[in-house]
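# An overview of the molecular structure
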Amino acid sequence: MLKNNNIQCGDIIFQSLKKNNAFNGAVSLSGALSKIDEITKSINHVGLYIGNNTVIEATQNYGVIEQSFTNFICAAKHNIIGRIHDLVVIQNALRRVKKCLGSPYNHSFHPNADGFYCSELITYAFKTEQGNDYFALYPMNFKDLATNEILSYWVDYYRDLNQIIPQHELGSHPQQLLRQRHLFKTILTL
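Just so it is clear, the structure is predicted and the values come from calculations on it, not from any experiment. (Residues numbered from 1 in each chain as written. Predicted model: local features only at pLDDT ≥ 70, side-chain atom pairs only at ≥ 80, totals over all residues. Heavy atoms only, no water.)

## Examining the pattern of salt bridges
Under the definition given, this model contains three salt bridges. Here Asp11 makes a salt bridge to Arg83, at a shortest N to O gap of 2.7 Å. Separated by 72 residues along the polypeptide, Asp11 in the segment before strand 1 (12–17) and Arg83 in strand 5 (residues 76–84) bring together distant segments of the chain. Its relative accessible area of 12% is what places Arg83 among the buried residues. Among the salt bridges present, the one from Asp133 reaches Lys127, with a minimum N-O distance of 2.6 Å. Of the residues examined, Asp133 reaches a relative accessible area of 37% and is grouped as partly exposed. (Salt bridge = Lys/Arg side-chain N within 4 Å of Asp/Glu carboxyl O. Helix = DSSP H or I, 4+ residues; strand = E, 2+ residues; numbered from the N terminus. Buried < 20%, exposed > 50% of the residue type's maximum accessible area, 1.4 Å probe, protein only.)

Shown next as structure tokens:
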């Protein structure tokens, strides 16, 4: 298991959650590219290590919360640590993410909705001092790559929300953030 002294403030922790439910499965499938490794393909959550054995994450049930580092990494089958290059951006991210504590979860994933989903919290935190995105946003995908059809899970999910699926709207996904490897100084698979 990863020890606390192997992680630094501002490290981004990408996860494949142990909890095997329809939501986590749909999130994994919605970000997956056909030619990536199985661990990366299973990534469906992300949080930010802020020091003092603490991670800040956006959760479906509680919104943006602090979680102990140990509890956070134990909730996953796989953890990947990403450490970015820019120390100024890291310091800004640490300040910005702490101000998000208590925000609601963005269940709709719509870019202008209140609150944050997990990777949206990271893209918000990691903006430059000028407010520009450090991580590139991408057109969100809710389709099965094999059939090119919207996953039935998302059809039902958005019907229950009484909202339109934000297919192709700019957003983020944990796997998509991790694929921006040029922004990372180090990537460690645990």
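## A word on the nonpolar core
Formed by 42 residues in total, the largest nonpolar core has its most connected members in Ile12, Phe109, Phe126, Phe135 and Trp154. The element contributing the most residues to this core is helix 4 (residues 87–98), with five residues. Membership of the second largest hydrophobic core comes to eight residues, among which are Ile7, Ile13, Tyr49 and Phe69. (Core = buried A, V, L, I, M, F, W, Y, C linked by side-chain atoms within 4.5 Å.)

## Thoughts on the sheet that holds strand 1
The strands that make up a sheet pair up through hydrogen bonds in the backbone, lying either parallel or antiparallel. The six strands are arranged 4-3-2-1-5-10 in an open sheet whose pairing can be described as antiparallel. The open sheet is flanked by strand 4 (63–68) and strand 10 (184–189), the only strands paired with a single partner. Neighbour-to-neighbour, the strand axes of the sheet open up by a mean angle of 25 degrees, direction not taken into account. Here strand 3 (residues 54–59) runs beside strand 4; their pairing, made up of six bridges, is antiparallel. Bridge assignment links Thr59 to a residue of strand 4, and that residue is Gly63. (Pairing = 2+ DSSP bridges. Axes fitted to C-alpha atoms, helices over the stretch in contact; angles between N-to-C directions.)

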